[in-house]
Amino acid sequence: MGKDIDYILIENSVKKALRDIQDNPKRTIRNLVDYGLEFAKGGFQKQSLQLAQRLLADENCRYYDLIGNAVEHVDPKTLLSFGMNVGYNACTMGVKRIRLLEAREQLHIPWSLFLKVKDFDEVHQKQLCQIIEEGMELGIYVFVFVVEGQVEQLLSMLFEYEQCAFVLMCRKECLHEEVLDQIAELHNLMLSVGYEKDIDTTVADMRKRGLLYGLHVVYGKQELAEIESGQFFQSFEPLWPLSVALLADSDVEEKEKAKLDQALCTLRITKSYPTFILHLQEDIQRIDEVFSNEGYCVGIDEQGFLMLNGKSIYQAAANVFQGSLKTVLHHCLAKQDGCVCKEGD
């Protein structure tokens, strides 16, 4: 994907805003949102930016603190590259291609893809490269890696894909000094680190290097009330994560997740915190539904099997290590009369 005229205009405007924001941060942020609305082509982009306009009309909105902190502490190259890759490559041009192919091929194509990585070797590297390249051909530019173990070889591989936006979900033990130095050079990647009580040193090391980072937390039944009230998020404020992503533990029932999801949607609008609150799987599905009429959180597990909403489909025809991503999506998420007919329905 080359840079078209819209990309260049938006990129130059963001660069100017990153310079101007030091002098008048609130006005610059509002102007940037207004400018984004002029270029917004899809309903999701327009709705998101219009909501941002309403929230930012309040001078005391804590999102100003969030953005100001990011501008002050995150490498501007990372803010620009990651932001353009998500906002333009994925949510504009990528979604345009996804909709074209969905109509032509009669299958559901997700806007983002989770990739679980456990044992990374040369064979696995080739398989992941193939998935990324096939994903880009389909219009997918956001890839979320959920990693157990070492990440150095994976990071080296990601330098080849400057047009994508990567999120690396890992534990703080993976992030030793050499890895953090490597990530500092990878400007299209955001870290999401599993929250632990002794994470302060890791946070300080990330901030020192200007990294873009968030935190993720697995919640259980015992945290539901505290999350719904908003008190749960106060402890994260001193850590300044761009986002706090919530993932349900196995003991949380579907009806409890649905109730919490409604509460979080209200919380994000009625109360603001200096971080973006994400109900991760549910928000991925929500965005996917906007882009493709039906919403799924789609991923690939460690063995290559397609995952739908966190559950693997253990069938040979659902394994991307044995066939192409497009073929697997045709098998698992084919459309009939505009609706997805999932394998097994």
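For the structure, see preceding data.
Residues numbered from 1 in each chain as written. Predicted model: local features only at pLDDT ≥ 70, side-chain atom pairs only at ≥ 80, totals over all residues. Heavy atoms only, no water.

Caption draft 1: The environment of Asn 89, seen in detail. Note that Asn 89 resides in helix α5 (residues 76-105). By relative accessible area, which is 3% here, Asn 89 ends up buried. As for Asn 89 and Glu 152, which are separated by 63 residues in sequence, their C-alpha atoms are 26 Å apart. A polar contact of 3.2 Å, which involves the side chain of Asn 89, links it to the side chain of Asn 85. (Helix = DSSP H or I, 4+ residues; strand = E, 2+ residues; numbered from the N terminus. Buried < 20%, exposed > 50% of the residue type's maximum accessible area, 1.4 Å probe, protein only. Polar contact = N/O pair within 3.5 Å; in protein donor to acceptor, adjacent residues only side chain to side chain.)

Caption draft 2: Structural detail: α5. The sharpest bend along α5 reaches about 40° and sits at Gly 94. Two or three places before Lys 77, at the opening of α5, Asp 75 has a side-chain oxygen 2.9 Å from that residue's backbone nitrogen. Among the residues trailing α5, Gln 106 stands out with phi positive, at a value near 55°. (Bend = angle between axes of the 7 residues up to and from the residue.)

Caption draft 3: Structural detail: a nonpolar patch on the surface. Residues Ile 5, Ile 8 and Leu 9 make up a contiguous nonpolar surface patch of roughly 250 Å² in combined accessible area. Here Ile 8 lies in helix α1 (residues 5-20). A relative accessible area of 33% means that Ile 8 is categorised as partly exposed. (Patch = residues over 30% accessible without salt bridge, like charges linked within 9 Å, V, L, I, M, F, W, Y side chains within 5 Å. Areas by Shrake-Rupley, 256 points an atom, 1.4 Å probe, with all protein chains shown as cover. Salt bridge = Lys/Arg side-chain N within 4 Å of Asp/Glu carboxyl O.)

Caption draft 4: Broad picture of the nonpolar core. Core analysis: the biggest nonpolar cluster contains 106 residues, and Ile 132, Phe 145, Leu 168, Leu 191 and Phe 233 have the highest contact counts within it. Counting six residues, the second-largest nonpolar core is a separate cluster that includes Tyr 7, Ile 10, Val 14 and Met 84. (Core = buried A, V, L, I, M, F, W, Y, C linked by side-chain atoms within 4.5 Å.)

Caption draft 5: Representation of the packing of aromatic side chains in the model. Under the criterion given, the structure shown has 10 aromatic pairs. Between the aromatic rings of Tyr 63 and Phe 276, the centroid separation amounts to 5.6 Å while the plane-to-plane angle is 25°, which identifies the pairing as stacked. Placement of the pair is Tyr 63 in helix α4 (residues 63-73) and Phe 276 in strand β7 (residues 276-279), with a sequence separation of 213 residues. On the basis of relative accessibility, which here comes to 37%, the residue Phe 276 falls in the partly exposed class. (Phe/Tyr/Trp six-rings, centres within 6.5 Å; stacked < 30°, edge-to-face > 60°.)

Caption draft 6: Here's a closer look at the pattern of salt bridges. Here the structure, examined in full by the defined rule, presents 20 salt bridges. Here Glu 173 ties to Arg 171 by a salt bridge, and the two come within 3.5 Å at their closest N and O atoms. Among the residues examined, Glu 173 registers a relative accessible area of 45% and is labelled partly exposed. The partner of Glu 253 in a salt bridge is Lys 255, and the shortest N-O contact between them spans 4.0 Å.

Caption draft 7: Molecular detail of the pairing of strand β5 (residues 213-219). Most of β5 sits out of view: six of its seven residues are buried. Two elements, strand β4 (residues 189-194) and β5, share four bridges in a ladder whose sense is parallel. Pairing of Leu 191 across the sheet is with Tyr 213, part of β5. Taken together, β4, helix α9 (residues 200-208) and β5 constitute a β-α-β crossover, and its handedness is right-handed. Examined bridge by bridge, β5 and strand β6 (residues 243-248) share five bridges and lie parallel to one another. Residue Val 217 lies in a different strand from β6, and its bridge partner there is Leu 246. As for the winding sense of the linkage, the β-α-β connection from β5 through helix α10 (residues 224-229) to β6 is right-handed. (Pairing = 2+ DSSP bridges. Right-handed = clockwise from strand over helix to strand, strands pointing away.)

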